[in-house]
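Structural overview for review
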Amino acid sequence: MPMRASLWTDLVEPDFLDPLRRAVADHVEPDADAVDREDVYPVEAIKALAGQGYTSLTLPEEFGGRGLGFAHCAALFEEASYASAAVGISLITILQAQTIIRLFGADSLKRSVLPEFGRGLITSYALTEANHGSDIRSLDTKAVRDGDRWVLTGRKSFITSGSAAEAYVILAETEIGVSSFFVRRGMEGVSTEEGPNAATFGLRNGPHVDLVLDRVALPADHLIGVEGKGVRQAVTTLDYSRTMAAAISLGIARAAFDGALSFAAGRSAFDRKILDFQGIQWYFADMLAEIDAARLLTYAAARKLDDHDDIARFGSEAKLLASRVATDTASRAVQICGAYGVMESARFGRYLRDAKAYEIAGGSSEILKNTIAKRLQQHVNDQREGLS
């Protein structure tokens, strides 16, 4: 039997993966190191991927999308992040904005905005505030109804992709609770500022800016969905994006594994190849098994999204496992490569920084464990009610 060209099993059809990998090789790989080093948003890569339909994969065809399932979306995030996790994180803020509009937006907003994603619209998911962090149930940003429009005032902080975003999904408090809104960068009263905590050591796709809203007037249909339901809408959207975040971690893990394997197979020490030492082989065996397991779980979670089945549980499980596996793999890859592993000219430092950052970004591991635990409690309560 001929040896496979790759260790990694294709989990969607090759007819989709082959052109995707060519697009990544052409548009993502060449600038991956520079994007990380210079901490800039990869505008050219995102626009090029959009031009080939990769930023609108799961949108219905009526909105200019390709109407594909979330396993294909996971493949996009995995393959793009194999080359650059910064591109992966840029894609995820686009997916978040289009998902909340697709699921909850008024028909007029969907018709206006969703086709723009296929033309390269760059968006950011601007939820966080300096005084509230991950707690989005009570916010300082306010929205007031003024006739047939909404007027928004406030400040959002630490916004991923905010330095290049052309539009934002934001949360603001109205009279009856937290609500979601769609805001364009060019609207009067919208500006961004770069604060002292703008840069991160991983997932570097440009400074995390503050978004300032100074009496920004919005059309009525730029309220996304039902007033007062913004927290539920945002959390549902995060349930979708967490599975794609897991796929980003898979790309990082695979890149670190492949880089270390290539080094160990080609480097000699004490008259033997590094890969011939049993201890090194055990490192690789553990990593391979863990990455394979995380990939299977992540693609299963993606198919749960298509089926609308227990998505909070499986998305949280996938991100929890995949982010941990990515960090462990990147760390062991550095160890295997020794002095070369810690050189700035090698990519292993980037892999380790990106992997660790994604154990926190997009829902920390502790938050994910809480979500999974709540699902377990629900299961136990359901069982008790069934017995009563």
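Residues numbered from 1 in each chain as written. Predicted model: local features only at pLDDT ≥ 70, side-chain atom pairs only at ≥ 80, totals over all residues. Heavy atoms only, no water.

**A look at the pairing of strand β1 (residues 123-126)**
With burial as the criterion, each face of β1 is covered, one bearing T123 and Y125 and the other bearing S124 and A126. Where β1 meets strand β4 (residues 167-174), four bridges bridge the pair, whose relative direction is parallel. The partner of A126 across the bridge, within β4, is I170. (Buried < 20%, exposed > 50% of the residue type's maximum accessible area, 1.4 Å probe, protein only. Helix = DSSP H or I, 4+ residues; strand = E, 2+ residues; numbered from the N terminus. Pairing = 2+ DSSP bridges.)

**Considerations on empty space enclosed by the protein**
Per the stated rule, a full pass over the model turns up one cavity of 30 Å³ or more. Y54, T55, S56, L57, T58, C73, L76, F77, L91, I94, L95 and Q98 are the residues that line the largest cavity. Those elements that place two or more of their residues in the lining of the largest cavity are α4 (70-83) and α5 (85-104). Here the lining of the largest cavity takes four residues from α5, the largest share from any one element. A breakdown of the residues in the lining of the largest cavity according to their chemical character gives eight nonpolar, four polar and no charged. (1 Å grid on protein atoms, 1.4 Å probe; cavity = no way out; pocket = protein on both sides within 12 Å on 5 of 7 lines; lining within 4 Å. Points joined across faces, edges and corners; volume = space filled by probe spheres on them. Nonpolar A, V, L, I, M, F, W, Y, C, P; charged D, E, K, R; others polar.)

**Considerations on the confidence of the model for the protein**
Counting all residues, the mean pLDDT for the protein is 93, and 97% of those residues have values of 70 or more. Predicted confidence in the protein is weakest over strand β9 (residues 268-269), with a mean pLDDT of 83, and strongest over α4, with 98. (pLDDT = per-residue confidence, 0-100.)

**Considerations on the side chain of K156**
Among the secondary structure elements, K156 is positioned in strand β3 (residues 149-159). A polar contact of 3.3 Å, which involves the side chain of K156, links it to the backbone oxygen of L127. Setting aside its immediate chain neighbours within four residues, K156 contacts A126, L127, T128, E129, L139, T141, I170, L171, V209, D210 and L211. (Polar contact = N/O pair within 3.5 Å; in protein donor to acceptor, adjacent residues only side chain to side chain. Contact = heavy atoms within 4.5 Å.)

**Regarding the environment of I311**
Mapping I311 onto the fold places it in helix α9 (residues 311-341). Note: C-alpha distance between I311 and D239 (72 residues apart in sequence) is 6.3 Å. In this view, I311 contacts D239, Y240, K304, L305 and S316; residues no more than four positions away in its chain are not counted.

**Some points on the layout of surface pockets**
A volume near 290 Å³ is recorded for the second largest pocket. Around the second largest pocket, the lining residues are D33, D36, R37, M343, E344, S345, A346, R347, G349, R350 and R353. For the lining of the second largest pocket, the elements supplying multiple residues, two or more each, are α2 (32-38) and α10 (348-357). Residues belonging to the lining of the second largest pocket are distributed by class as follows: two nonpolar, two polar and seven charged.

**So, the nonpolar core**
If you look at the biggest cluster of nonpolar residues, it comprises 97 residues, and the most contacted ones within it are F77 and M244. A per-element tally of this core places helix α7 (residues 230-266) first, with 17 residues. M244 has contacts with F70, C73, A74, F77, I92, L95, A302 and L305, leaving out every residue within four places of it along the chain. Counting 18 residues, the second largest nonpolar core, distinct from the first, contains L152, F181, V190 and L223. (Core = buried A, V, L, I, M, F, W, Y, C linked by side-chain atoms within 4.5 Å.)

**Describing unusual backbone geometry**
Even without being a glycine, F158 presents a positive backbone phi close to 55 degrees. The topology assignment puts F158 in strand β3. Of note in this structure, L203 is not a glycine but carries a positive phi near 50 degrees. Here L203 is to be found in the loop between β6 (190-193) and β7 (209-219). L203 gets classed as buried once you look at its relative accessible area, which sits at 4%.

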